[in-house]
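Understanding the architecture of this molecule
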Amino acid sequence: MALFNRNQRQRSSFYSTATFVVFVALCLLGLWMMSSPETVPAAISLSSEKAAVKADVKEEDSSIDATNTVKQDSANVVAEAATAGAAAAAEGAEDVNVLGKPGDSGAAEGDGGKESSSSKDQSFDDENGRTEGGELVKPGGGETDAAAGQDKGASEEAALDNDAKVDTAGKEQTAIDTKDSGGLDQSAAEQTATDAKASAAEQAAATGVVKESTAEAGGGSAKKLTFDDENGKMDGVDLVKDDGNKTRISEESAKVEGAALTVKPSAKAATATETATDTDKQDEASAVAATDDTTTASTTTSEDEKKQDGVEQQLPAAAEAQPNVQAELLTERAAQNGSFTTQAAESTEEKKKRAEKKGKKEKKKASGAVGTVAWKLCNSSAGADYIPCLDNLAAIKKLKTDKHYEHRERHCPEEPPTCLVPAPPEYREPIRWPHSRDKIWYYNVPHTKLAEYKGHQNWVKVSGEYLTFPGGGTQFKHGALHYIELIQNSFPDVAWGRRSRVVLDVGCGVASFGGYLFDRDTLTMSLAPKDEHEAQVQFALERGIPAISAVMGTQRLPFPANVFDVVHCARCRVPWHIDGGMLLLELNRLLRPGGFFVWSATPVYQKLPEDVEIWDEMVKLTKAMCWDMVAKTRDTVDLVGLVIFQKPVNNVCYDKRPEKEPALCEPSDDPNAAWNIKFRACMHRVPEDQSVRGARWPALWPERLRKAPYWLDRSQVGVYGKPAPDDFAADLQHWRKVVRSSYLAGMGIDWKTIRNVMDMRAVYGGFAAALREMKVWVMNVVTIDSPDTLPVIYERGLFGIYHDWCESFSTYPRSYDLLHADHLFSKLKPRCKVFPVIVEVDRILRPNGKLIVRDDKETVDEIQGVVRSLQWEVRMTVSKNKEAMLCARKTTWRPTEIETR
């Protein structure tokens, strides 16, 4: 019995020892699995390392911001990935060390894959970057992750030391029974081999999950991310669909609600990751392409590709590797004016010649970042129709006279306003073209006086909640189309849409004449003052017809000389014959040699004494100006008459005139100087050198759109540094590619909602020419300190205007659907602040209108700060090499507080 008890105690001791040895072996196996890169569950390894790399990349400057509602999307995803990785690591460690079940690591992997997949469905809070189901991202997120990693490493090291001590004690106990313990060791070795195979399978599965998740986030396929230097094409960027006021992307794209841009992973990076997984599992890591210009958009690459020989490798600057703005655009920043002068230089020189000295105030350079802005509504008697340079009552009251309509001219405030113009209370989304030509919402332009005053002439009528436009005018009550045909039939050489392409309509009313000339492929600059004909230009713009607020007063109109094919006046109430024909001589300056002046007014066909007197004065004046009366007709439908005059094509008549009035201008008088230049009662000689602009008629439309003007020769240096004809051709090709590959397909703009477009800093008009096939018109603005290329724009059958963006533009609020600014704001900084210019952009852009800005990154960041404070939706930003592009959408938000006077 004693023997039995002794043997029983020996067997009991043996079983206890064996149990302890098994426990120690399993603990060592668990520690080995956690510490070895081969056997760590792949989901944990990949997600943790990916989160760490993303945290590093997050410190770079932001380059792609999908929308205003996704301010910190990448930061949130990084935080979620880091959280998921830490949670998975903790769960995996507990399963291995406590339960001793290597197969449970698959659960951690599964959870990790699930988290990766679900992260695509997160919705983002606009104000604080909070995600539903996620955590608030803090600025120190990257450092926190690093600290957590250090704490984890310290814990694992301490556990390893403790297990080493237990292992030493265990070895002493194994001497009791060598055979049995050897069997256990063999069993443990087999279990280890099985675990290694399972771990390798799990790691491959996890890698597959990561690849699949990455492919899903990129739209289902690996694709190179590019923003082509030559054409602006953003390969790898999903098309954003504009659904009303919301921006949506397809389900196949990264499913971030409200995102405006999805960036797909680089194919090269994905291939590198797969190769690294298959060939060297110990070195496998998930990484992101850390570039100097993208932060919020991330791609996947391998750690081996980032580092070579211990030195971090810089990614190539090629267009196919990362988002980019156009190379030609970057070149343009370094280009000079070439052979072109500037309108500022021309006008300033002209003022000096006239001995008109005017001091210029120095303006402070714009400050950098914009802090919190307390926006207020403008306190103006004009209300929702406020035009700062035309509604400056303080300056108007100081005028000594208004005999020549001085009170209708521009009088800009000394400091540009920084308040916001309110919208009408019930403002609605404008009716789309071409239906807008016939009717608009009354709520958008709530004025009825013109309907009461001109309704019988079919200008405009009130019809329920609409204002309707029958297409009539004072001289064409039965419709503009009949009137347009009357002009054509009176003198076929007019040739609408072929010889005559660019028209100036003076005293346009609601611009029905220009609106219906679109049917003849003819572009009309409609012009009228802001006067008792309430909101006539605003009606035109709301209808989708080009128009500006201006008056034939005392100063030259802001256009170059010899550019309009036709000038039209139908009862425009301009006294052409007074003051020595001063106003008609301004039309002579603007009219192209050989161009036509179409005049339809009562003096042409009525025999009242006043009309007869005016007609006689006009005949005398036009004869002295050498204008040829080529047609005079009477319409039996509208019971009106019209006359067509033609400007001479040479100087023969000028030299043979018996009387020298009006006088010829001095040779030193620059006809192209047009910014704040007073009228002069003189005529400029017609260019006769066949190589000079104005000596020949342009090519017929539409050939003239693509053809470089004949007066650009290779001896002239273009704006971009090439010979002028080559510069012109390169600019056209460049903008065609940009518009086709980027603006029309990759910006998320619904072009069916775009009608009125402005290029705020046009050069040759290439952007407008690229939109030729779209149902839009483009107001090309050549700034006064830029190369004076506006004559080129007119020569190709487009139109535009001179302007200084340090002042407000002469148009009504809510006039344009899209504004395009290519390196405008950075060039304004030496003369004026950027902030008020953005306020002006907000004034003239319609709610839900789009702004596209290309400029240096510092300026784009400043603009982005301002438009965000205006609660605009920032749909996309892309940056590279200190250059950036921004696309933003104006919202309907307005402040409630009104500024104090």
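Residues numbered from 1 in each chain as written. Predicted model: local features only at pLDDT ≥ 70, side-chain atom pairs only at ≥ 80, totals over all residues. Heavy atoms only, no water.

Right, let's get into the sheet that holds strand S8 (residues 461-463). Strand order in the open sheet formed by three strands is S7-S9-S8, and the pairing between neighbours is antiparallel. The two strands at the open ends of the sheet, each matched to only one other strand, are strand S7 (439-441) and S8. Averaged over neighbouring strand pairs, the angle between their axes works out to 30 degrees when direction is ignored. In this sheet, strand S9 (residues 466-468) lies alongside S7 in antiparallel orientation, the contact comprising three bridges. Note on S9: the bridge partner recorded for Ile440 is Leu467. (Pairing = 2+ DSSP bridges. Helix = DSSP H or I, 4+ residues; strand = E, 2+ residues; numbered from the N terminus. Axes fitted to C-alpha atoms, helices over the stretch in contact; angles between N-to-C directions.)

Attention now moves to helix H21 (residues 724-743). Because an α-helix packs 3.6 residues into every turn, residues spaced three or four apart end up facing the same way. In a regular helix each residue adds 1.5 Å, so 20 residues correspond to 28 Å; H21 covers 26 Å between its end C-alpha atoms and thus fits that length. Among the 20 residues in H21, 14 count as buried, and that is most of the element. (Expected span 1.5 Å × (residues − 1). Buried < 20%, exposed > 50% of the residue type's maximum accessible area, 1.4 Å probe, protein only.)

This part is about the packing of aromatic side chains. Per the counting criterion, the structure on display carries 23 aromatic pairs. Considering the side-chain rings of Trp599 and Trp615, the 6.3 Å spacing of their centres and the 10 degrees angle between planes classify their relative orientation as stacked. Of the two residues, Trp599 sits in strand S14 (residues 591-600) while Trp615 sits in helix H18 (residues 609-624), which places them 16 residues apart along the sequence. A relative accessible area of 4% means that Trp599 is categorised as buried. According to the relative accessible area criterion, Trp615 is buried, its value standing at 14%. Feature note: the residues Phe476, Tyr483, Trp496 and Phe513 constitute an aromatic cluster, connected by ring pairs. (Phe/Tyr/Trp six-rings, centres within 6.5 Å; stacked < 30°, edge-to-face > 60°.)

Quick look at unusual backbone geometry now. Between Trp433 and the following residue, Pro434, the backbone shows a cis peptide bond with an omega angle of 5 degrees. With respect to the helices, strands and loops of the structure, Pro434 is situated in the loop between helix H11 (393-397) and S7. Here the amide bond leading from Glu661 into Pro662 is cis, since omega sits at -5 degrees, within 30 degrees of zero. Among the secondary structure elements, Pro662 is positioned in the loop between helix H19 (652-656) and strand S17 (663-664). Look at Asn458: it is not a glycine, yet its phi comes out positive at around 65 degrees. A positive phi angle is found at Cys626, which is not glycine, with a value near 70 degrees.

So, about the nonpolar core. Ranked by internal contacts, the top residues of the largest apolar core, which has 139 residues, are Phe559, Trp576, Phe597 and Trp599. Looking at which domains feed residues into this core, each of domain 1 (472-683) and domain 2 (703-890) supplies at least three. Residues in contact with Phe559, not counting those within four places in the same chain, are Leu504, Met525, Leu527, Ile548, Phe564, Arg589, Leu590, Ala674, Tyr794, Gly800, Ile801 and Tyr802. Counting residues in hydrophobic clusters, the runner-up holds 20 residues, among them Ala480, Val503, Val598 and Ala631. (Core = buried A, V, L, I, M, F, W, Y, C linked by side-chain atoms within 4.5 Å. Domains from an automatic or database assignment. Contact = heavy atoms within 4.5 Å.)

Successive residues of a regular strand alternate their side chains across the two faces of the sheet. Strand S13 (residues 564-570) sits mainly inside the fold: seven of its seven residues count as buried. With four bridges joining them, strand S10 (residues 502-506) and S13 adopt parallel strand pairing. Bridging across to S13, Val503 finds its partner in Val566. Note: S13 against S14, six bridges, orientation parallel. Within S14, the position partnered with Val566 by the bridge is Phe596. Once you follow S13 into helix H16 (residues 582-590) and on to S14, the crossover reads as right-handed. (Right-handed = clockwise from strand over helix to strand, strands pointing away.)

Here the focus is the state of the cysteines. Per the stated rule, a full pass over the model turns up six disulfides. Disulfide pairing places Cys569 opposite Cys572 at an S-S distance of 1.8 Å. The sign of the -85 degrees torsion about the S-S bond sets the Cys569-Cys572 disulfide as left-handed. Take Cys569 and Cys572: they sit in the same class, and that class is buried. (Disulfide = S-S within 2.5 Å.)

With six of six residues buried, strand S16 (residues 641-646) lies mostly within the body of the structure. By the alternation rule, side chains of S16 split into Gly641, Val643 and Phe645 and Leu642, Ile644 and Gln646, which are all buried. Note that S14 and S16 share four bridges and pair antiparallel. Of the residues in S16, the one forming a bridge with Val598 is Ile644.

Another aspect to go through is the pattern of salt bridges. Applying the stated criterion across every chain yields a total of 31 salt bridges. A salt bridge links Arg592 to Asp565, with the shortest nitrogen-to-oxygen separation between them at 3.0 Å. On the criterion of sequence distance, the pair formed by Arg592 in strand S14 and Asp565 in strand S13 is long-range, its members being 27 residues apart. Residue Arg592 is classed as buried on the basis of its relative accessible area, which comes to 1%. With relative accessibility at 0%, the residue Asp565 sits in the buried group. We note a salt bridge from Glu840 to Arg843, for which the minimum N-O separation is 2.8 Å. (Salt bridge = Lys/Arg side-chain N within 4 Å of Asp/Glu carboxyl O.)

Fair warning: the whole summary comes from geometry, so function is off the table for now.
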